[in-house]
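What follows is each chain in one-letter form.
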Amino acid sequence: MILVWMIGILLAGGFLCWLLARWNTQLSKWAALLSLAAGLLIVGSVAWQYGDTVRSQATWLIDYRINWIPAFGISFHVAIDGLSLVLLLLTFFLGLLAVLCSWNEIRERTGFYFFNLLWTLAGISGVFMAMDLFLFYFFWEVMLVPMYFLIAIWGDSNRRYAAYKFFIFTQAGGLLMLLAILALYFVNATQSGVYTFDYFDLLNVSLAPETARWIMAGFLIAFAVKLPVVPFHNWLPDAHSEAPTAGSLILAGLLLKTGAYGIIRFVLTLFPQAAADIAWWAMLFGAVGIVYGAMLAYAQTDLKRLIAYTSVSHMGFVLLGVFAFREIALQGVIMQLLTHGIGTGALFAMAGMLKERLHTRDIEKMGGLWSAMPAMGGMALLFTMASLGLPMLGSFIAEFLILLGTFPVQPALTSIATLGLIFAALYSLRMMQKVFLGPVKGASPPKDLTPRELIIMATLGISMVLLGLFPQPILDMVKMTVHQ
Amino acid sequence: MIGFLINGLLRKQLSKSLTSILGSGVILGSFVVSLLIFFQVKQGHTAVVNLFDFISVGKLSIPFSFQVDQLSSIFLLIITGVGFLIHVYSAAYMHEEEGQHYARYFAYLNLFVFSMLLLVLGSNYVIMFIGWEGVGLCSYLLIGYWFKNIDYTNAAKKAFVMNRIGDLGFLLAIFWIIGKFGTVSYGNLFEQVAANAKTLEGSAAIVGITLLLFIGATGKSAQIPLYTWLPDAMAGPTPVSALIHAATMVTAGIYMIARSNILYTLAPFTNTIVAIIGLATALFAATIAIKQNDIKKVLAYSTVSQLGYMFLGLGVGAYTGAVFHVMTHAFFKALLFLGAGSVIHAMHHEQDIRRMGGLKKYLPITHLTFLLGCIAIAGIPPFSGFFSKDEILAAAYAANPVYWVIGVITAGMTAFYMFRLYATTFLGQFRGAEHLHGHHPHESPAAMTIPLIVLAILSVIGGWVGIPEVLMKDAHSLEHFLDPIFAASSKFAHPHHLSHSTEYGLMGASVLLAVILIFFAIGRYSKRPELGEPTGFGKVLANKWYVDELYNAIIVKPLNWIGKFLNNFVERDVIDWTVNGVGKVISYSSRQVRLLQSGQVGSYVLLMVLGILAFFVIQFFVKK
């Protein structure tokens, strides 16, 4: 029941924001902040309560199920294990910071904005815990539509195009997934005579290799678009660069993770054999994505587009690691999901802060900002180093474990992937140099971080360092999930 | 107990010191601790201190732990000792900086010392790697310390990226080691290797691992082909050049190979590569140094060249010799750099030696200490450089006389360019009056000269811990001290012994050559320094054999071009065009069914949901 609360609080909070904004926009902001804080508190308490269980037992921590549309075998079935728990923590953590990020940025239709923001987050939380495939698809759509509005209404100058592109890409993938879900549903029904969308029932279905391949393809494409895998990544730079700051933060920090989560939770378990068959190809696409995304990041002049391409590169590591079928690599992947969420989220938040001050995203027009804003420069340095995977920071642990896990499986592809680390150094340092170093450009020096901004960046920074120094608690938390 | 002390100090160093006193104080503290550790280790106590489990996944466990033994204690002393002197020196050298940047400088410097200690104290390769990248970061930060100058930040970027290329070799080596042996802890790993020495010797795995590790070392220790970042790194403040780019960080590669000596002993092929690369770098960098006119550039190429010597030593199995040279080099090169800093300070940031000359009169302490440093690096007995260089050269002769010949030629060139530098800077007429608007340069304050004096004394006597067997029996105390580290591998080594007369001959030859070239250089450059632009072959040398231009043309430019190509063509023209094309086709066809569609996404979604429901309703009836 506590899981339903997590989603419910967001949905209700969203409505509340919308309603309150009719009288007072300030109240609406606080409502959004408080509902996320409450949500984070709930997830946090769950993590605290089940901290020991998750380490030692391979059971689902919380499992809640009621019938929804029993005629079709659809139930409202939510459950979490270590993996879901970790990702839910990330969701509420970043969600809270996303609200803080948009505190002053959003001046129009504030209530509706926070409604969309909270509903997207509700959809994401739902995706991370739904154990009924129909419900999963339902949440998948719930996170999509409000996101579309976030980009299309509060985005930058080219927002319409970006929003359409985002919607069409993910929707096309979503439809394929729906077809695949239905196919699985019917195959199961003909075999067992039971019509059900329940994940645990469908795990037992035995598929002919040919069928399995096609059904898996449906799932995989939907998740690959979301992740994104090159060449399905095209929506991402547009959507990320046009979205409002909090939108980019949630897109990069959370939405992309749903793709990775989908692959780990559904593709690997429902179709183990078919997934093993395509492993080499998937890893190849991962390695290509790493290098390709990094090279493109290097060529960008738009700060947000640059960060967007680094996401493509970092998510290549996820694909590479997942299909290595190694415990170490998978641990690294989960770590990568967290650290990328934090690191890239922080970079987008920073890009938003810079845009508020300079009214541009063009890094050619920036330079020498360290003199005026040493605090932000220091934070930027930290996250630049995180994006190139410097040891002592979380992203190093992630990439280290992924590459360590894939090396014995595919030494050649791993070596290609490590080239990505050189490119990562190139684009990260180029970004740092263009924005913060060099001669001062522009007439009036911008203000340094405000206390609110400092809280956002410092929280993210501290979590990044903690993950880098003490990764073991997280590794323990997902150990049992990964082990299976 | 020791571990606890170190740890406490390391934590302190992380904190941003607001004053130079705090900054230097913590280093002094850790120097004292290092001394205590040294005496503990000397009595035979070594220890591995386990702090916490860093990563443990499945069967693999990587602890966050430190190891104190003979090798690490030597490096500890060098890092904290020289580090402390340089912190004191910096306090005076950097006094013109604003408060905020001054604090930033000391924070970076302390972070550097912390990372470097992590590097040498780690008890496994992963911790070493963490320190390894950490010092790379600090080097990047300090080279680009004056961040408003775009050239300096470019130099910083170059240093980081070239180091990164090497680091990947290191990283892959770690993966391979874990894959093959299942552990990265030195103790466990080396035991396994020693136990299976017979089967491992010369095997692909061991050769591969050692080669990859060596790639890491070429990046950090500036060897061919990854050396070009080091001369550019001179963009940083001079004390930084002394500490990071001469005395400590660049010797990390030597530490790594010395630490892995047993792996290298079992991979003769890699050893040959190491020796050849080292020798080639030594010679190549020395040729460039002859024609440089920037006082720091000469020293930078000299550093590259001396590092090449150390790799030669490692390659021919003279591990003690290499570590010995690390130590003496740390003394005299730090001295020379700090001396150069003192000159630059006196000359108001002028670095071109063609505008100096005759400084002997104005900077007596700097002059004398610099001269001692030059003699030490030239390898004149009984100065420190002689003993360590001689040990490496003798081992090189034993392995292959050709190595020795090239090594001695390089040593001669070293003596020549160092005294060219000395004579042009300190002797002859003063030529900098114009730059200083008629003022005379003044000697630096005590905070700068005292470190110079201390380092000068060390440069003179530092070699006496390693007096070779032929000159004095049982006087090579460094070798006895380090014996436990290299004992395991010496069982598998194939040592060559030289007769005493050969050894005397070799020593005599190299010293004689050095002395002749020193007098030649002084005679030539004190009276008629090279003031014009070099011509002919000299120009090729002055332009560093055009290696930077070559790298630029074959690597940097194509990379930029590919990036632009991917962005402008593949992304924009191919993928976007396809996507938008598909979109156009759809919108065209949708216009044909416009009656059904309003063009608003909201209603699409509605329709879709209705469609899904309809689907289910149909299914429901079919089922019945």
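Residues numbered from 1 in each chain as written. Chains lettered and ligands numbered in written order. Predicted model: local features only at pLDDT ≥ 70, side-chain atom pairs only at ≥ 80, totals over all residues. Heavy atoms only, no water.

Student: Before we move on, could you go through the overall build of chain B and cite the residues and values that matter?
Tutor: Each helix and strand in chain B was counted, giving 25 helices and two strands. Across the 624 residues of chain B, 60% fall into the buried class. Relative to all contacts within chain B whose residues are 6 or more apart in sequence, the contacts with residues 24 or more apart total 81%. Counting only carbon and sulfur atoms, one obtains 67% of the accessible surface of chain B, whose full area is about 24100 Å². (Helix = DSSP H or I, 4+ residues; strand = E, 2+ residues; numbered from the N terminus. Buried < 20%, exposed > 50% of the residue type's maximum accessible area, 1.4 Å probe, protein only. Contact = heavy atoms within 4.5 Å. Areas by Shrake-Rupley, 256 points an atom, 1.4 Å probe, with all protein chains shown as cover.)

Student: Which residues make up the nonpolar core, and what are the values?
Tutor: Grouped together as the largest cluster of nonpolar side chains are 419 residues, with contacts concentrated most on F323 and F400 of chain A together with Y125 and Y140 of chain B. In contact with F400 of chain A, other than residues within four places in its own chain, are I55, I62, V126, L171, I174, F175 and I178 of chain B. Core analysis: the second largest hydrophobic core is formed by 15 residues, L393, A395, A396 and Y403 of chain B among them. (Core = buried A, V, L, I, M, F, W, Y, C linked by side-chain atoms within 4.5 Å.)

Student: So what's going on with the interface of chain B and chain A? Residues and values would help.
Tutor: The parts lose accessible area when they come together, and the size of an interface is often stated as this lost area. Between chain B and chain A, the residue contacts involve 61 residues of the former and 71 residues of the latter. Summed over both sides, the interface of chain B with chain A buries roughly 5900 Å², with 76% coming from carbon and sulfur. Between the two partners, chain B and chain A, sit zero salt bridges. At the junction of chain B with chain A, the criterion picks out eight residue pairs in polar contact (both at pLDDT 80 or more). Of all the secondary-structure elements, those providing two or more residues to the side of chain B that touches chain A are β1 (47-57), β2 (60-68), α4 (99-121), α5 (125-143), α6 (150-181), α24 (547-592) and α25 (601-623) of chain B. The dominant element in the side of chain B that touches chain A, judged by the number of residues it contributes, is α6 of chain B, at 15 residues. Looking at the side of chain B that touches chain A residue by residue, the classes come out as 40 nonpolar, eleven polar and ten charged. (Buried area = accessible area lost by both parts, 1.4 Å probe. Salt bridge = Lys/Arg side-chain N within 4 Å of Asp/Glu carboxyl O. Polar contact = N/O pair within 3.5 Å; in protein donor to acceptor, adjacent residues only side chain to side chain. Nonpolar A, V, L, I, M, F, W, Y, C, P; charged D, E, K, R; others polar.)

Student: Please set out the domain arrangement of chain B residue by residue, giving values where relevant.
Tutor: Residue and element names in this part refer to chain B. As assigned here, chain B comprises domain 1 (1-266), domain 2 (270-542) and domain 3 (552-623). Contact residues are listed per partner, giving 56 residues for domain 1 and 55 residues for domain 2. Taken together, both faces of the contact between domain 1 and domain 2 bury some 4700 Å²; the carbon and sulfur share is 79%. Across the contact surface, domain 1 and domain 2 share zero salt bridges. The set of elements that each furnish at least two residues to the side of domain 1 that touches domain 2 consists of α2 (20-42), α3 (70-93), α9 (204-220), α10 (229-232), α11 (238-247), α12 (252-259) and α13 (261-265). The element contributing the most residues to the side of domain 1 that touches domain 2 is α3, with 13 residues. (Domains from an automatic or database assignment.)

Student: Before we move on, can you summarise the pattern of salt bridges with the specific residues and values?
Tutor: All names here are of chain A. According to the stated counting rule, one finds 17 salt bridges over all chains in the structure shown. Here R265 makes a salt bridge to D81, at a shortest N to O gap of 2.8 Å. Remark: D81 occurs in the loop between β2 (74-80) and α4 (82-101) and R265 occurs in helix α11 (residues 245-270); sequence separation between them is 184 residues. Classification of R265 as buried rests on a relative accessible area of 4%. Taking the shortest distance from any N to any O, the salt bridge between D302 and R361 comes out at 2.7 Å. Of this pair, D302 sits in the loop between α13 (279-299) and α14 (303-322) while R361 sits in the loop between α15 (327-358) and α16 (369-372), and the two are 59 residues apart along the sequence. What makes D302 buried here is its relative accessible area of 15%.

Student: Give a description of a nonpolar patch on the surface that names residues and reports values.
Tutor: Residues and elements named next belong to chain B. Taken together, the side chains of I365, I453, I457, I461 and W464 make up a nonpolar region of the molecular surface, amounting to roughly 420 Å² of accessible area. Ranked by residues supplied to the nonpolar patch, first place goes to helix α20 (residues 446-461) with three residues. Note that I457 resides in helix α20. Taking the relative accessible area as the measure of exposure, I457 reaches 46% and is therefore partly exposed. (Patch = residues over 30% accessible without salt bridge, like charges linked within 9 Å, V, L, I, M, F, W, Y side chains within 5 Å.)

Student: Run through unusual backbone geometry, naming residues and quoting values.
Tutor: All names here are of chain A. Here the residue pair L227 and P228 is connected by a cis peptide bond, since its omega of -10° sits within 30 degrees of zero. Tracing the sequence through the fold places P228 in the loop between α9 (209-226) and α10 (235-242). The peptide bond linking V230 to P231 adopts the cis configuration, its omega dihedral lying at 10°. Even without a glycine there, the phi angle at R109 is positive, about 45°. Looking at the element boundaries, R109 is found in the loop between α4 and α5 (110-129).

Student: Which residues make up the packing of helix α18 (residues 384-399) of chain B against helix α22 (residues 500-527) of chain B, and what values go with them?
Tutor: Residues and elements named next belong to chain B. Interaxial distance between α18 and α22 falls to 10 Å at its minimum, and their mutual angle equals 120°. Considered as vectors, α18 and α22 are oriented oblique to each other. For the crossing formed where α18 meets α22, the hand is right-handed. Of α22, the residues touching α18 (which contributes F386, D390, L393, A394 and Y397) are T502, L506, M507, S510 and V511. Considering only residue class, the contact of α18 with α22 consists of seven nonpolar, two polar and one charged. (Axes fitted to C-alpha atoms, helices over the stretch in contact; angles between N-to-C directions. Parallel < 35°, antiparallel > 145°, perpendicular 65-115°, else oblique. Left-handed = near helix turned anticlockwise from the far one by under 90°.)

Student: Could you give an account of the environment of G122 of chain B, naming the residues involved and the relevant values?
Tutor: Residues and elements named next belong to chain B. Summarising the element assignment, G122 is placed in the loop between α4 and α5. A relative accessible area of 0% places G122 in the buried class. Sequence separation between G122 and Y102 is 20 residues, and the spatial gap between their C-alpha atoms is 30 Å. The residues contacting G122, other than those within four sequence positions of it, are S65, F66, Q67, I127 and Y186.

Student: How would you sum up α13 of chain A? Please name residues and give values.
Tutor: Over its 21 residues, α13 of chain A extends 30 Å from the first C-alpha to the last, a length consistent with the 30 Å expected when each residue adds 1.5 Å. Taking burial as the measure, the 21 residues of α13 of chain A include 16 buried ones, the bulk of the element. (Expected span 1.5 Å × (residues − 1).)

Student: How would you sum up the packing of aromatic side chains? Please name residues and give values.
Tutor: All names here are of chain A. Evaluation of the coordinates by the stated rule reveals 69 aromatic pairs over all chains. With a centroid separation of 5.6 Å and 35° between ring planes, the pair formed by F136 and W140 is classed as tilted. Of this pair, F136 and W140 both sit in helix α6 (residues 133-154), four residues apart, which is roughly one turn of the helix. Considered together, F136 and W140 belong to a single accessibility category, that of buried residues. Ring geometry for F136 and F223: centres 6.2 Å apart, planes at 75°, overall edge-to-face. One end of the pair, F136, is in helix α6; the other, F223, is in helix α9, with 87 residues separating them in the sequence. Owing to a relative accessible area of 0%, F223 belongs among the buried residues under this scheme. An aromatic cluster is present here, built from F15, W18, F112, Y113, F114, F115, W119, Y148, F149, W154, Y164 and F167 joined pairwise through their rings. The ring of W140 has K226 lying over it, and the distance from NZ or CZ to the ring centre is 4.8 Å. (Phe/Tyr/Trp six-rings, centres within 6.5 Å; stacked < 30°, edge-to-face > 60°. Lys NZ or Arg CZ within 6 Å of the ring centre and 35° of its normal.)

Student: Give a detailed account of the side chain of K29 of chain A, specifying residues and quantitative values.
Tutor: Within the fold, K29 of chain A resides in helix α2 (residues 25-49). E356 of chain A provides the closest opposite charge to the buried, unpaired K29 of chain A, separated from it by 11 Å. (Lys, Arg positive; Asp, Glu negative; His and termini not counted.)

Student: I'd love a proper account of helix α1 (residues 2-20) of chain A, names of residues and values included.
Tutor: All names here are of chain A. With 19 residues, α1 extends 26 Å between its outermost C-alpha atoms, agreeing within 8% with the 27 Å of an ideal straight helix rising 1.5 Å per residue. Every buried residue of α1 is accounted for by L3, M6, I7, I9, L10, G13, G14, C17 and L20. Where α1 is buried, its residues contact α2, β1 (62-69), β2, α4, α5 and α6.

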